[in-house]
Amino acid sequence: MPKAAIIGSGPNGLSAAITLAEAGFETCVYEGRDTIGGAASTGDVTLPGFHHDLGSSVYPMGVASPFFRSLPLADHGLKWIEPAAPLAHPLDDGTAVMLEHDLASTAANLGADGPAYARLFRPLTDHWDQLTREILRPIIHWPSHPLLLARFGIFAALPATLLARTLFRGTRARALFAGSAAHSVLPLESAFSSAVSLVLSTAAHTTGWPIAAGGGQAISNSLAHYLASLGGRIVTGTSITSLSDLEETQTPGSVILCDISPRQLSRIATNSLPPHYHAKLRNFRHGPGAFKLDWALSEPIPWKARDCLRAATIHLGGTLEEIAASERAPWAGKVDQRPFVLVTQPSLFDPTRAPKGKHTAWGYCHVPNGFTGDLTTQIENQVERFAPGFRDCIVARRVSSPAALESWNPNLIGGDLSGGAMSIGQLLFRPSAWLYRTPRKGLYLCSASTPPGGGVHGMCGYHAARTAVEDLKHKSR
């Protein structure tokens, strides 16, 4: 039986391990921390009984992932909880623009821009299953649905500011589109910044934006439980500092998959890779970092727009112009004093997250990579702007700077949550033209620094593992 070692137990590492175990490999995952999960982890970081998602918290691409959907994760403990509305975007007039599950209902709350919104998204929602299979893989591939992918690509390639101003005339539709585009962690004037907004909004109207019952840790635990049922092993508390630490390197026909950053791969494979590839790994560019606050709350956030209580995800940034200014600043080495803040409030829909009557929430904004300042006041000012009295609800908070995020999860270089900048060059060649492969036979990269990039969907790990399996088949012919 061929052997496989996977370094890192994030969703991509676990997905790679499952794919290899299903293909007949003797599989072992090595995790440096005492707990598994990477960015899909949950812990009591403020007060006992307040369970906070340490990284991600809402999973539109998790529930839509073709790989996750192929697994019996519900049988291994995963339960999705779908809020009444995927997203709320409050405005200064006391109302909120709502991204509803129903496309027509969303269009209806956009006024005169409703028909244009429906025309943009109807072809995508009608073919969402096919679209996910096209976009959650390397960009350069032979498409199964070329016309669908071409229609998506025409709009996805545009800067979000241009697309929003071209299609929409009102503040509400433009703000809604810009807030979702900010998940790209690109300046909204950049090419392809529209892509993420198109994907996330289509997901909202189809498979949804669920949270995981019990927290993001439940996703990792269900993957690990299924892996164990296939005979796979996980070894925690074991940091791999060199490929020579792995017994699999001594076994002919074995493979090693790394759910780590390109820089980490360069460090542990010092003598195993040629200089030109080391240079590619070291020069891989990371995007802006995140500055994150976790809050233990005495009560729900007191939003002026009560519709915000229907959604687990809240976008705080006001207008398209404000959001664009905030997302432009980190790329210039600056911070905006009214940052775009992404807030999640999962305890409204999952009472296991906090003691009875209490609540949890978190919020973060984008900052320059490696930012060393403190934006606690600015983030909480933005929440207060749309929820007066919010600070009176805070029982405890945890502050996570970019350095703290990287210390917790070394994949988050400088606080970068996306595994590397999603610029056009790094979308096509992530982290190099080799994609998952490396010049060393049997060594692969499977983190968010490979296609299709950031997000909890497991597709980086799945594609890397399938590449390894196919390579071994060709070798044996």
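Here the structure is a predicted model, which is why all the values come from computation and not from measurement.

### Considerations on the side chain of Ser-180
Moving on, step 1. Looking at where Ser-180 falls in the secondary structure, it is placed in helix α9 (residues 171-181).
Moving on, step 2. With near-sequence residues (within four places) excluded, Ser-180 lies in contact with Leu-87, Val-196, Ser-197, Leu-200, Ser-201, Trp-209 and His-315.

### What to know about the sheet that holds strand β16 (residues 443-445)
Moving on, step 1. If you trace the 5 strands from one edge of the open sheet to the other, you get β9-β2-β1-β10-β16, paired in parallel fashion. Two strands in the sheet have a free side with no partner beyond their single neighbour: β9 (233-235) and β16. Each strand of the sheet is rotated relative to its neighbour by a mean of 20°, with strand direction disregarded.
Moving on, step 2. Pairing geometry for strand β1 (residues 3-7) and strand β2 (residues 26-30), over 5 bridges, is parallel. What sits directly across from Lys-3, in β2, is Glu-26.

### Examining the pattern of salt bridges
Moving on, step 1. As enumerated under the stated definition, the model contains 15 salt bridges in all.
Moving on, step 2. Glu-322 is the salt-bridge partner of Arg-338, the closest N and O atoms lying 3.7 Å from each other. Separated by 16 residues along the polypeptide, Arg-338 in the loop between α14 (320-328) and β13 (341-344) and Glu-322 in helix α14 bring together distant segments of the chain.
Moving on, step 3. Of the charged contacts, one joins Arg-353 and Asp-350 as a salt bridge, the two residues approaching to 2.8 Å between their closest N and O atoms.

### Side note on the nonpolar core
Moving on, step 1. Membership of the largest hydrophobic core comes to 85 residues, with the highest contact counts inside it found for Leu-20, Tyr-117, Phe-152, Phe-177 and Leu-257.
Moving on, step 2. In this view, Tyr-117 contacts Leu-99, Leu-103, Thr-106, Ala-107, Leu-110, Phe-168, Leu-176, Ser-201 and His-205; residues no more than four positions away in its chain are not counted.

### Brief notes about the sheet that holds strand β11 (residues 289-297)
Moving on, step 1. Ordered by their spatial adjacency, 7 strands build an open sheet running β7-β6-β12-β13-β14-β11-β15, and the pairing between neighbours is mixed. Every interior strand has two partners, whereas the edge strands, β7 (96-99) and β15 (394-400), have only one. This sheet shows a mean twist of 20° between the axes of neighbouring strands, independent of strand direction.
Moving on, step 2. Pairing of β11 with strand β14 (residues 359-367), which is carried by 9 bridges, proceeds in the antiparallel orientation. Opposite Ala-290, over in β14, you have His-366 as the bridge partner.
Moving on, step 3. Where helix α15 (residues 376-386) meets the sheet, it contacts β6 (85-90), β11, β12 (311-316), β13, β14 and β15, and its direction lies at approximately 60° from that of β11.

### Regarding unusual backbone geometry
Moving on, step 1. At the junction of Arg-430 and Pro-431, the peptide bond is cis and its omega measures out at 0° in the coordinates.
Moving on, step 2. Here Pro-431 lies in the loop between α17 (424-428) and β16.
Moving on, step 3. At the junction of Pro-451 and Pro-452, the peptide bond is cis and its omega measures out at 5° in the coordinates.
Moving on, step 4. Note that Pro-452 resides in the loop between β16 and α18 (459-476).
Moving on, step 5. Of note in this structure, Phe-192 is not a glycine but carries a positive phi near 70°.
Moving on, step 6. Within the element layout of this structure, Phe-192 appears in the loop between α9 and α10 (193-204).
Moving on, step 7. The phi torsion at Leu-435 lies on the positive side, around 55°, for a residue other than glycine.
Moving on, step 8. Residue placement: Leu-435 occurs in the loop between α17 and β16.

### Observations regarding the packing of helix α8 (residues 160-167) against α9
Moving on, step 1. Following both chains from N to C, one finds α8 and α9 inclined at 160°, their axes separated by 10 Å at the closest point. Here α8 is positioned roughly antiparallel relative to α9, judged by the angle of their axes. You can see that α8 and α9 cross each other, and the crossing is right-handed. Every residue of α9 that contacts α8 at Ala-160, Leu-163, Ala-164 and Arg-165 is listed here: Arg-174, Phe-177 and Ala-181.
Moving on, step 2. A breakdown of the residues in the contact of α8 with α9 according to their chemical character gives 5 nonpolar, no polar and 2 charged.

### Comments concerning the packing of aromatic side chains
Moving on, step 1. Inspection of the entire model under this criterion finds 9 aromatic pairs.
Moving on, step 2. Arranged with centres 4.6 Å apart and planes meeting at 45°, the rings of Tyr-117 and Phe-121 form a pair that is tilted. With Tyr-117 and Phe-121 both in helix α5 (residues 114-125) and 4 residues apart, this pair spans about one turn of that helix.
Moving on, step 3. Overall, the relative accessible area of 3% leaves Tyr-117 in the buried class.
Moving on, step 4. Between Tyr-117 and Phe-168, the aromatic rings sit 6.5 Å apart at their centres with planes inclined by 35°, giving tilted as the arrangement. One end of the pair, Tyr-117, is in helix α5; the other, Phe-168, is in the loop between α8 and α9, and 51 residues separate them in sequence.
Moving on, step 5. A connected cluster of aromatic rings, assembled from ring pairs, spans Tyr-117, Phe-121, Phe-168 and Phe-177.

Definitions and cut-offs
- Residues numbered from 1 in each chain as written.
- Predicted model: local features only at pLDDT ≥ 70, side-chain atom pairs only at ≥ 80, totals over all residues.
- Heavy atoms only, no water.
- Helix = DSSP H or I, 4+ residues; strand = E, 2+ residues; numbered from the N terminus.
- Contact = heavy atoms within 4.5 Å.
- Pairing = 2+ DSSP bridges.
- Axes fitted to C-alpha atoms, helices over the stretch in contact; angles between N-to-C directions.
- Salt bridge = Lys/Arg side-chain N within 4 Å of Asp/Glu carboxyl O.
- Core = buried A, V, L, I, M, F, W, Y, C linked by side-chain atoms within 4.5 Å.
- Buried < 20%, exposed > 50% of the residue type's maximum accessible area, 1.4 Å probe, protein only.
- Parallel < 35°, antiparallel > 145°, perpendicular 65-115°, else oblique.
- Left-handed = near helix turned anticlockwise from the far one by under 90°.
- Nonpolar A, V, L, I, M, F, W, Y, C, P; charged D, E, K, R; others polar.
- Phe/Tyr/Trp six-rings, centres within 6.5 Å; stacked < 30°, edge-to-face > 60°.

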